[in-house]
Amino acid sequence: MGAENVFIPQQARLWLAPVGSPAPEGPTVTMPSAWYDIGLFTPDSFNWSTDPSFEETRAHQSNYAVRRWQTEDAATIEVDLLEWSLASFKAVYGGGTIEEITPQGGGAAYYRFTPPAIGSRVETAACLELIDGTKRLRRMVPRCEQSEGVEQSFQKTEASTLPLRLSVLGGDVGAPYYDLLPATWTAFDPTPTP
């Protein structure tokens, strides 16, 4: 083991797709057509976190728990988007609709975006892509949903970002998330070495 196993994500992308879209068949292949790159985001905002919950049993004879078991799990993706577009608005608000309005009294047409009503949020699939030279990691999330409120700041001296916060959803089939790593990344080779 050595410096070759230090990973510095010099480039990162976040891809989204409708739930059920085919996942890429590897960490370096071209993304399937249903997937779209959500666009530019701030370099310090891309985060992944897990939040497992545990219960424990205590005994009068010990100052430590004598048994602990996991009861729940949770994971989230966070990124602050720089690009304002229909795709980014729908991702950040969990869906919504857009329509073109032509004023009846004349004037220029305009667009009206309406966030989703309660109970109308749309699930999405996500792929976090991290690149360090020839090393690539793709973290695949088959189902997730935007689950937080949208807080924006409109400062005169900096770009206004769109906070995308996705919560991983589970199911009865398959893993809630998994990683794709190239076979050339030998530190992950599951074959035991003597």
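Residues numbered from 1 in each chain as written. Predicted model: local features only at pLDDT ≥ 70, side-chain atom pairs only at ≥ 80, totals over all residues. Heavy atoms only, no water.

**Considering the overall build of the protein**
And step 1. For the protein, the helix and strand inventory stands at one helix and twelve strands.
And step 2. N-terminal to C-terminal, the α/β element order of the protein is β-β-β-β-β-β-α-β-β-β-β-β-β.
And step 3. The C-alpha radius of gyration computed for the protein amounts to 21 Å, which surpasses the reference 16 Å derived for 194 residues by more than 25%, pointing to a less compact arrangement than a globule.
And step 4. When the backbone C-alpha atoms are referred to their principal axes, the protein occupies close to 80 × 50 × 40 Å.
And step 5. Each of the 194 residues in the protein was classed as buried or not, and the buried ones make up 29%.
And step 6. Partitioning the intrachain contacts of the protein with sequence separation of at least 6 by distance along the chain shows that 61% fall at a separation of at least 24. (Helix = DSSP H or I, 4+ residues; strand = E, 2+ residues; numbered from the N terminus. Rg over C-alpha atoms; globule rule 2.2 N^0.38 Å. Buried < 20%, exposed > 50% of the residue type's maximum accessible area, 1.4 Å probe, protein only. Contact = heavy atoms within 4.5 Å.)

**A word on the layout of surface pockets**
One simple way to see leftover space: roll a probe sized like a water molecule over the atoms.
And step 1. By volume, the largest pocket amounts to about 330 Å³.
And step 2. For the largest pocket, the lining is made up of 19 residues, of which Ala12, Arg13, Phe41, Phe46 and Leu130 are closest to its centre.
And step 3. Elements represented by at least two residues in the lining of the largest pocket include exactly β1 (11–17), β3 (47–50), β9 (124–132) and β10 (135–146).
And step 4. At four residues, β1 tops the list of elements feeding residues into the lining of the largest pocket.
And step 5. Of the residues in the lining of the largest pocket, the class split is eleven nonpolar, five polar and three charged.
And step 6. Its boundaries defined by the atoms lining it, the second largest pocket holds a volume of some 230 Å³.
And step 7. The wall of the second largest pocket is formed by 17 residues, among which Tyr36, Lys90, Val122, Glu123 and Thr124 lie closest to the centre.
And step 8. Of all the elements, helix α1 (residues 86–93) adds the most residues to the lining of the second largest pocket, at three residues. (1 Å grid on protein atoms, 1.4 Å probe; cavity = no way out; pocket = protein on both sides within 12 Å on 5 of 7 lines; lining within 4 Å. Points joined across faces, edges and corners; volume = space filled by probe spheres on them. Nonpolar A, V, L, I, M, F, W, Y, C, P; charged D, E, K, R; others polar.)

**Focus on a negative patch on the surface**
And step 1. A cluster of acidic side chains, namely Asp51, Glu55, Glu72 and Asp73, defines a negative patch on the protein surface.
And step 2. Assignment of secondary structure puts Asp73 in the loop between β5 (65–72) and β6 (75–81). (Patch = residues over 30% accessible without salt bridge, like charges linked within 9 Å, V, L, I, M, F, W, Y side chains within 5 Å. Areas by Shrake-Rupley, 256 points an atom, 1.4 Å probe, with all protein chains shown as cover. Salt bridge = Lys/Arg side-chain N within 4 Å of Asp/Glu carboxyl O. Lys, Arg positive; Asp, Glu negative; His and termini not counted. Charge placed at Lys NZ, Arg CZ, Asp CG, Glu CD.)

**Quick notes on the pattern of salt bridges**
And step 1. Tallied over the full model, the rule gives ten salt bridges.
And step 2. Asp37 is the salt-bridge partner of Arg13, the closest N and O atoms lying 3.9 Å from each other. Taken as a pair, Arg13 in strand β1 and Asp37 in strand β2 (residues 36–37) lie far apart in primary sequence, 24 residues in all.
And step 3. Residue classification places Arg13 among the partly exposed residues on the basis of a relative accessible area of 28%.

**Digging into the environment of Leu40**
And step 1. Its location among the elements puts Leu40 in the loop between β2 and β3.
And step 2. Sequence separation between Leu40 and Leu81 is 41 residues, and the spatial gap between their C-alpha atoms is 6.0 Å.
And step 3. Excluding anything up to four places from it in sequence, Leu40 contacts Leu81, Leu82 and Glu83.

**Quick word on the state of the cysteines**
Linking two cysteines covalently through their sulfur atoms gives a disulfide.
And step 1. One pass over the full model with this rule turns up zero disulfides.
And step 2. We note that Cys127 lacks a disulfide partner, and the nearest cysteine sulfur, in Cys144, lies 11 Å from it. (Disulfide = S-S within 2.5 Å.)

**A closer look at the environment of Pro176**
And step 1. By the secondary structure assignment, Pro176 is in the loop between β11 (162–168) and β12 (178–180).
And step 2. Through-space distance from the C-alpha of Pro176 to that of Ala75 is 9.0 Å; in sequence the pair is 101 residues apart.
And step 3. Residues within four places of Pro176 in sequence aside, it is in contact with Met140, Val141, Pro142, Val168, Leu169 and Gly170.

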